[in-house]
Amino acid sequence: MNERATADSLGGRGALTAILLIAFAISLTGVGWGDGLINAGGVRAVGQILAAAIQPQLDLDVLSIGARSTWTTLAYAWAGMTVALAIGLPLGIIGSGTVVRSPWTRRWNISSARFALAVFRSIHELVWAWLFVAALGLSPMAGVLALGLPYGGILGRIYAELLQDVPEAPLRALRSTGASEWRVFWFGRLPMALPDMLSYTFYRLECGIRSAAILSFVGLGGLGHNIQISLQDIDYSRMWTFIYFLIALVLVVDLWSSLVRRRVAIEQG
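Residues numbered from 1 in each chain as written. Predicted model: local features only at pLDDT ≥ 70, side-chain atom pairs only at ≥ 80, totals over all residues. Heavy atoms only, no water.

1. A closer look at the overall build of the protein chain
Stage number 1. Each helix and strand counted, the protein chain has 10 helices and 0 strands in total.
Stage number 2. For the protein chain, with 269 residues in total, the buried portion stands at 36%.
Stage number 3. Long-range pairs, those at least 24 residues apart, make up 74% of the contacts in the protein chain with a sequence separation of at least 6.
Stage number 4. Roughly 15700 Å² of accessible area belongs to the protein chain as shown, and the carbon and sulfur atoms make up 68% of that amount. (Helix = DSSP H or I, 4+ residues; strand = E, 2+ residues; numbered from the N terminus. Buried < 20%, exposed > 50% of the residue type's maximum accessible area, 1.4 Å probe, protein only. Contact = heavy atoms within 4.5 Å. Areas by Shrake-Rupley, 256 points an atom, 1.4 Å probe, with all protein chains shown as cover.)

As structure tokens, this is what we get:
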């Protein structure tokens, strides 16, 4: 029986690998393999960009602009993640179907919440940005909502999965005492899922910082906006200064994430 299951598993993986290889081969046919595939001047431009990486501009005015832009990018990312949490956490809890016992109510909660989450995350943040800029103008709210809506959909989906994956044995012990599903959730399910939820939230914050920089290209300000201006001016040294600010910001958030997760693990241990 085990040998048959193993064979079926290997056969399924082989079929999936074959499908992926065929899809890759078909995608290659859509590439224009003519003379214009490689731009002769592009190689020289890449060399100039890489050479500028070791000579970033460190003038005081450039560093000042970089510091202000870093703060703007972080503010967009932080505010966007706040909106994302306000959307993703309640919808993730509802979409997990773990706070009610009625099968019909559970199915309704799961289907309705996950449909809403799918709508939010199916539209890329850059598309949301264009929509909100068209509706609200170049205001900070446009950038915050453009980040918050798709990230809320992503967070909610992952939260729902993490809450569903909590082991049932400790929860049955709580139910045996007569605890309601809400009490089981707050005192059992959520504490056990919290470390993974925190870890993923910090990961999305790092992604939010990069997305906030990209959204700057539509004119919302921040590091991405200054990188774009530097590229237009062919000032690669100045561009790399702002890129290094972005890298440093992501590294600081990663360090903070590690410290918080370690503290949570110690407290739960």
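Moving on from the coordinates now.
2. What to know about unusual backbone geometry
Stage number 1. The backbone phi angle of isoleucine 234 is positive, close to 55 degrees, even though this residue is not glycine.
Stage number 2. Within the secondary structure layout, isoleucine 234 lies in the loop between helix H9 (223-232) and helix H10 (236-268).
Stage number 3. Residue classification places isoleucine 234 among the exposed positions, given a relative accessible area of 57%.

3. Looking at the packing of aromatic side chains
Stage number 1. In total, this model carries 9 aromatic pairs according to the counting rule given.
Stage number 2. Measuring from centroid to centroid gives 5.7 Å for tryptophan 78 and tryptophan 256, while their planes differ by 25 degrees, and the two rings are stacked. In this pair, tryptophan 78 is assigned in helix H3 (residues 60-96) and tryptophan 256 in helix H10, connecting sequence segments 178 residues apart.
Stage number 3. Taking the relative accessible area as the measure of exposure, tryptophan 78 reaches 45% and is therefore partly exposed.
Stage number 4. For tryptophan 256, a relative accessible area of 37% gives the class partly exposed.
Stage number 5. What links up through ring pairs into an aromatic cluster is the set Trp78, Phe202 and Trp256.
Stage number 6. The ring of tyrosine 151 carries the charged tip of arginine 204 above its face, separated from the ring centre by 4.6 Å. (Phe/Tyr/Trp six-rings, centres within 6.5 Å; stacked < 30°, edge-to-face > 60°. Lys NZ or Arg CZ within 6 Å of the ring centre and 35° of its normal.)

4. Details of H9
Stage number 1. Of all the positions in H9, only Leu223, Gly224, Asn226, Ile227 and Ser230 are classed as buried. The buried residues of H9 occupy an angular sector of 160 degrees when the element is viewed end-on, so they sit on one face.
Stage number 2. Backbone geometry just downstream of H9 places isoleucine 234 in the positive-phi region, at approximately 55 degrees. (Arc of directions from axis to C-beta.)

5. Description of the nonpolar core
Nonpolar side chains tend to gather and get buried jointly when the protein is soluble and globular.
Stage number 1. The biggest cluster of nonpolar side chains holds 54 residues, and the ones touching the most others in it are Leu163 and Ile209.
Stage number 2. Going through the elements one at a time, H3, helix H4 (103-122), helix H5 (125-136), helix H6 (140-164), helix H8 (181-215), H9 and H10 are the ones with two or more residues in this core.
Stage number 3. Per-element tally for this core: the top contributor is H8, with 13 residues.
Stage number 4. Setting aside chain neighbours within four positions, we find leucine 163 in contact with Gly92, Ile93, Ser96, Thr98, Phe185, Arg189, Leu190, Ala193 and Met197. (Core = buried A, V, L, I, M, F, W, Y, C linked by side-chain atoms within 4.5 Å.)

6. Comments concerning the side chain of serine 230
Stage number 1. Structurally, serine 230 can be placed in helix H9.
Stage number 2. We classify serine 230 as buried; its relative accessible area is 1%.
Stage number 3. If near-sequence neighbours (up to four positions away) are discounted, serine 230 is found in contact with Asp235, Arg238, Met239 and Phe242.

7. With respect to the environment of aspartate 254
Stage number 1. Assignment of secondary structure puts aspartate 254 in helix H10.
Stage number 2. You can call aspartate 254 partly exposed: its relative accessible area is 34%.
Stage number 3. Distance from aspartate 254 to phenylalanine 202, taken between C-alpha atoms, is 7.6 Å for residues 52 residues apart in sequence.

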